[in-house]
Amino acid sequence: MAPTTSLVMNGWYIGAWSDEVGRTLMQRWIVGRPVCFYRLQDGTVTALEDRCPHRRFPLSLGRLDGDVIECNYHGYRIDGGGVCVGVAEQPDTPRASVHRFPLVERDGIVWIWPGDADRADPGLLPDTSWLSDPEWTHVHGVVPLKARHVLLVENLLDLTHETFLHPSTIGNAAVAATPIDVTSEGDRVSFTRHMIAIEAPPFYEKSMGLTSPIDRWQDGDFYAPGVFQLNIRLAPTGTEEPEGFHMKVIYGMTPATETETHDFFALGRDYRVDDEELSRFQLDQQLAVMKEDVDALEAQEVMVATETVRAPESSIRSDVAGLRGRRLLEKMAAREAAPGTASAGRPRRPSATAAGAGT
Ligand SMILES: [Fe+2]
């Protein structure tokens, strides 16, 4: 069946990079909900449903007064916990509040849990300690994608596409030609692809001075619903681990709406960590690679969305990880939609235009 997965609310998603959130109110749509992010005076981040409890005006268009947002429509004053503490120029303090989302700020990431707050267990977060490890350095950012979340999940779980979509940077024939080993456990799908004695792709030749033949490892972990990490090792063929160049990539695949996704990324390395020129080069290359993916996925989204007469879908061996990821998402979404669960009946399917403010 073609990918039509509904969105999963109960899971940790990357809501923002820490350096995006400050004393300016920031709106971002997360899994179909408008969220207003800002930093309180003590430095902690808060995230509130971006709808005033009075008449649904976006709180992010309001004014920050200390830790309190004053709504720019009729003056409702909402504190950092989402509770109304008064109305400007009026004697009333109505009993009103907005949802405050569970957050964890760790290793430069603001994690958000858009689903049932009582299920937000920080113990479920993946290990991202390399992002704050002084032995490593990284570049990071977020790219908007007008395509449904599952298409990005499948893109990352089937890296054979590098051969065809990224031949001038990270792809060559060896990627598609080397099979993967796939394992699953709980809400995780993992794969390994170890390419031995292959030609070095252009990106690695330039940034590392590697000459062929090289060994290239790609070990990926998808933490459903929204996180993918890739461990990369590159070295002249025959080099024993732990020698060689190591890189890590994390993608935060955070749905904005049913058909739009925030593509958060960080690319890290454990060599030449003080080389800022190399960091700039790697950021440029990463953005160039992601643009190729975004263009492809947006073209694919149009075809998926307009397919009214369903043709059978064909798959091959290299799709195993992607299909497991898709099924995992379907299972999680079905569990949430089941009657009697706290998430059932949640607001769904906001219009795509309403989400245009997300970045
Ligand atoms: Fe790609």
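Rules used throughout
Residues numbered from 1 in each chain as written. Predicted model: local features only at pLDDT ≥ 70, side-chain atom pairs only at ≥ 80, totals over all residues. Heavy atoms only, no water. Helix = DSSP H or I, 4+ residues; strand = E, 2+ residues; numbered from the N terminus. Rg over C-alpha atoms; globule rule 2.2 N^0.38 Å. Buried < 20%, exposed > 50% of the residue type's maximum accessible area, 1.4 Å probe, protein only. Contact = heavy atoms within 4.5 Å. Areas by Shrake-Rupley, 256 points an atom, 1.4 Å probe, with all protein chains shown as cover. Donors = N, O, S within 2.8 Å, 3.2 Å for Na, K, Ca; no water. Pairing = 2+ DSSP bridges. Axes fitted to C-alpha atoms, helices over the stretch in contact; angles between N-to-C directions. Salt bridge = Lys/Arg side-chain N within 4 Å of Asp/Glu carboxyl O. Expected span 1.5 Å × (residues − 1). Phe/Tyr/Trp six-rings, centres within 6.5 Å; stacked < 30°, edge-to-face > 60°. Core = buried A, V, L, I, M, F, W, Y, C linked by side-chain atoms within 4.5 Å.

The next subject is the overall build of the chain. A tally of regular secondary structure across the chain gives six helices and 17 strands. Relative to its length of 359 residues, the chain is compact, with a C-alpha radius of gyration of 22 Å against a globular reference of 21 Å. Considering only C-alpha atoms, the chain reaches an extent of 75 × 55 × 35 Å along its principal axes. Looking at the chain as a whole, 53% of its 359 residues are labelled buried. Within the chain, residue pairs in contact and separated by at least 24 positions form 58% of the contacts whose partners lie at least 6 positions apart. Roughly 16,400 Å² of accessible area belongs to the chain as shown, and the carbon and sulfur atoms make up 52% of that amount.

This part is about the coordination of the iron ion. Around the iron ion, the protein contributes the donor atoms His-161 (NE2), His-166 (NE2), Asp-293 (OD) and Asp-293 (OD), which lie 2.1 to 2.3 Å from the metal centre. As a motif over one chain, the donors of the iron ion read H-x4-H-x126-D. Linking His-166 in the loop between helix H2 (161-165) and helix H3 (173-177) with Asp-293 in helix H5 (residues 276-305), this pair joins segments that are 127 residues apart in sequence. Each member of the pair, His-166 together with Asp-293, is buried.

The pairing of strand S12 (residues 181-185) with strand S13 (residues 188-198) spans five bridges and is classified as antiparallel. Paired with Asp-181 across the bridge in S13 is Thr-192. Joining the antiparallel neighbours S12 and S13 is a turn of two residues, in which Gly-186 adopts a positive phi near 55°.

Before going further, it helps to examine the side chain of Thr-178. Within the fold, Thr-178 resides in the loop between H3 and S12. Discounting chain neighbours no more than four positions away, the residues touching Thr-178 are Arg-193, His-194 and Met-195.

Next up on the list: the sheet that holds strand S3 (residues 33-39). The three strands lie next to each other as S2-S3-S4, forming an open sheet whose pairing is antiparallel. Both edges of this open sheet fall to strand S2 (26-30) and strand S4 (45-49), since each of them pairs with a single strand only. The mean angle between the axes of side-by-side strands here comes to 35°, regardless of whether they run parallel or antiparallel. As paired strands, S3 and S4 are joined by five bridges and run antiparallel to one another. The residue of S4 that forms the bridge with Tyr-38 is Thr-46.

This next bit is on the pattern of salt bridges. Overall, the coordinates contain 18 salt bridges when judged by the stated rule. Measuring nitrogen to oxygen at the nearest pair gives 3.4 Å for the salt bridge that ties Glu-70 to Arg-63. Residue classification places Arg-63 among the partly exposed residues on the basis of a relative accessible area of 40%. Residues Glu-154 and Arg-326 are paired through a salt bridge, measuring 2.6 Å at the closest nitrogen-oxygen approach. On the criterion of sequence distance, the pair formed by Glu-154 in helix H1 (residues 149-157) and Arg-326 in helix H6 (residues 320-337) is long-range, its members being 172 residues apart. Given the relative accessible area of 19%, Glu-154 is considered buried. Residue Arg-326 is classed as buried on the basis of its relative accessible area of 5%. Where salt bridges share partners, they join Arg-63, Asp-65, Glu-70 and Arg-77 into one cluster.

Moving on: H6. In this model, H6 (18 residues) spans 26 Å end to end at C-alpha, consistent with the 26 Å of a helix rising 1.5 Å per residue. Buried residues along H6 sit against H1, S12, S13 and strand S14 (214-223).

We now examine the packing of aromatic side chains. Overall, the coordinates contain eight aromatic pairs when judged by the stated rule. Measuring from ring centre to ring centre gives 5.3 Å for Trp-12 and Trp-113, while their planes differ by 75°; the resulting arrangement is edge-to-face. Note that Trp-12 is positioned in the segment before strand S1 (13-17) and Trp-113 in the loop between strand S10 (109-112) and strand S11 (137-145), a separation of 101 residues in sequence. For the pair formed by Trp-12 and Trp-113, the shared burial category is buried. Centroid distance Phe-203 to Phe-281: 6.0 Å. Interplanar angle 10°. Geometry classified as stacked. Taken as a pair, Phe-203 in helix H4 (residues 202-208) and Phe-281 in helix H5 lie far apart in primary sequence, 78 residues in all. Classification of Phe-281 as partly exposed rests on a relative accessible area of 24%. One aromatic cluster is present, formed by Phe-203, Tyr-204 and Phe-281 through successive ring pairs.

Another aspect to go through is the nonpolar core. Counting residues in each nonpolar core, the largest one holds 67 residues, and the members touching the most others are Phe-37, Phe-191, Phe-222, Phe-228 and Met-247. Core analysis: the next-biggest nonpolar cluster, separate from the first, contains 16 residues, Trp-17, Ala-120, Trp-130 and Ile-250 among them.

On to the pairing of S14, then. With eight of 10 residues buried, S14 lies mostly within the body of the structure. In terms of strand pairing, S13 meets S14 through nine bridges, oriented antiparallel. By the bridge assignment, Phe-191 is partnered in S14 with Gly-220. Relative to strand S15 (residues 227-236), S14 runs antiparallel, the two sharing 10 bridges. Its bridge partner lying in S15, Tyr-223 is registered against Val-227. In this structure, the hairpin formed by S14 and S15 is closed by a connection of three residues.

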